[in-house]
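# Commentary on secondary and tertiary structure
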Amino acid sequence: MGVERIERFLSKHIEGFFNKRLSSSLELAELVSSVEREIASKARGKHARIPTTFLFSMESEDYHRLYAQSVIDTLYLAAAKAIILYDASATAPLVIRLKEDDSIQRGRYELRASEAEEEDTAQTLVLEKRGLVREASAMRPMDSLTFAALSVLTGPDRETAIELGTGDVHIGRKAQNELILTDANVSRTHAWIAYERHRHILHDANSTNGTFVNDERVRSACLREGDIIRMGETTIRYEVI
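With that out of the way, let us pick up the overall build of the chain. From N to C terminus, the chain includes 4 helices and 16 strands. Taking all 241 residues of the chain together, 45% fall into the buried category. Of the contacts formed within the chain by residues at least 6 apart in sequence, a portion of 58% connects residues at least 24 apart. Split by element, the accessible area of the chain, about 13,200 Å² in all, is 47% carbon and sulfur.

Here the focus is the sheet that holds strand β6 (residues 148-154). Pairing is antiparallel in the open sheet, where 6 strands are placed in the order β7-β6-β16-β15-β12-β13. Both edges of this open sheet fall to β7 (161-164) and β13 (216-218), since each of them pairs with a single strand only. Pairwise comparison of adjacent strand axes, ignoring direction, gives a mean angle of 30° for this sheet. Pairing between strand β12 (residues 211-213) and β13: 3 bridges, direction antiparallel. From the neighbouring strand, Phe212 faces β13, where its bridge partner is Arg217.

So, on to helix α4 (residues 69-85). Compared with an ideal rise of 1.5 Å per residue, which puts 17 residues at 24 Å, α4 spans 24 Å between its outermost C-alpha atoms and is within 8% of the ideal. Most of α4 sits inside the fold, with 13 of its 17 residues counted as buried. Taken from the residues just after α4, Asp87 is the one with a positive phi, measuring 55°.

Our next topic: the pairing of strand β1 (residues 53-58). In terms of burial, β1 is a largely internal element, 6 of the 6 residues being buried. By the alternation rule, side chains of β1 split into Thr53, Leu55 and Ser57 and Phe54, Phe56 and Met58, which are all buried. Direction of pairing for β1 relative to strand β2 (residues 95-100): parallel, over a ladder of 6 bridges. Residue pairing in the sheet places Thr53 in a bridge with Val95 of β2. Pairing of β1 with strand β3 (residues 109-114) involves 6 bridges; the strand directions are antiparallel. In the strand pairing of β3, Met58 is matched with Tyr109.

With that settled, consider unusual backbone geometry. Positive phi is not limited to glycine here, since Asp87 has a value of about 55°. Within the secondary structure layout, Asp87 lies in the loop between α4 and β2. Overall, the relative accessible area of 39% leaves Asp87 in the partly exposed class. The backbone of Asn214 shows a phi angle near 50°, a positive value even though the residue is not glycine. Classification of Asn214 by relative accessible area gives partly exposed; the value is 44%.

Our next topic: helix α2 (residues 28-42). The first and last C-alpha atoms of α2 sit 22 Å apart over 15 residues, in line with the 21 Å expected at 1.5 Å per residue. Inspection of α2 places Leu31, Val32, Ser34, Val35, Ile39 and Ala40 among the buried residues, and these make up the whole buried set. The elements touched by buried residues of α2 are β1, α3 (60-66), α4 and β3.

We now examine the packing of aromatic side chains. This model, assessed by the stated rule, comprises 3 aromatic pairs. Over the aromatic face of Phe212 sits the side chain of Arg230, whose NZ or CZ is 4.1 Å from the ring centroid.

When pLDDT is averaged across the chain, the result is 84; 78% of the residues are at 70 or more. Predicted confidence is poor over residues 13-22, with pLDDT under 50, and the contacts of this stretch with residues over four places away or in other chains come to 3 contacts. Contacts of residues 127-140 to residues separated by more than four positions or lying in other chains number 34 contacts, the stretch itself having pLDDT below 50.

This paragraph deals with the pattern of salt bridges. For the coordinates displayed, the defined rule picks out 10 salt bridges. Residues Arg237 and Glu239 are paired through a salt bridge, measuring 3.6 Å at the closest nitrogen-oxygen approach. What emerges from the salt-bridge pattern is a single network uniting Asp87, Arg199 and Arg224.

Taken in spatial order, the 5 strands make up an open sheet running β9-β8-β10-β11-β14, and their pairing is mixed. Lying at the two open borders of the sheet, with one neighbouring strand each, are β9 (179-180) and β14 (220-222). Here 2 bridges tie strand β8 (residues 169-172) to β9, and the two strands are oriented parallel to one another. Residue pairing across strands places Ile171 opposite Leu179, the latter belonging to β9.

Thresholds applied
Residues numbered from 1 in each chain as written. Predicted model: local features only at pLDDT ≥ 70, side-chain atom pairs only at ≥ 80, totals over all residues. Heavy atoms only, no water. Helix = DSSP H or I, 4+ residues; strand = E, 2+ residues; numbered from the N terminus. Buried < 20%, exposed > 50% of the residue type's maximum accessible area, 1.4 Å probe, protein only. Contact = heavy atoms within 4.5 Å. Areas by Shrake-Rupley, 256 points an atom, 1.4 Å probe, with all protein chains shown as cover. Pairing = 2+ DSSP bridges. Axes fitted to C-alpha atoms, helices over the stretch in contact; angles between N-to-C directions. Expected span 1.5 Å × (residues − 1). Phe/Tyr/Trp six-rings, centres within 6.5 Å; stacked < 30°, edge-to-face > 60°. Lys NZ or Arg CZ within 6 Å of the ring centre and 35° of its normal. pLDDT = per-residue confidence, 0-100. Salt bridge = Lys/Arg side-chain N within 4 Å of Asp/Glu carboxyl O.

Next up, the structure:
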């Protein structure tokens, strides 16, 4: 092998070796940012159509390193929080998918976000590998995750707080409520919060003294970041956590 051919050989293979060794791995923070950007870019206008299915394609090493329920949970939470913070809503369930694709360079990814509803996958980790789709079993249901909170600001129960996820939260003096208030001007079941269209909706429960959001009496209201809820002598702040 001539000197020039040896130099070309070493140049090609050593360069390739160091490129591979020095190429950075794909970080979860990059995926989180892309979900947030995708929702932010679509959350404009009264009839905005928000993507709820996110398919990430990535190189094998990155795929196997990110193959974890904690990663899916983090991406799900990023999407759920972004929908609230950008004052959007959506009807289809949130679905996060990871797919192995060796045509993609290590440290890079491709994201396909869509509005399509995926049946029976709302709370399931879905992983795709080499074109074959399989659902991982024994995964923690998404309704165990929390991404917002109610914090009592004034009243007898000041500094009481509760975290919110996708489950209903009842508020009032009754012991069976998730958020129990001892304010005498609050009804036994004064109001409740439901999770609808990926938003927390506050409903008054025919209370005696009414439910107020930012000093406006409401029968129901879609809660926004920083809203102040008042019932009786108690004020409560709603916020994304």
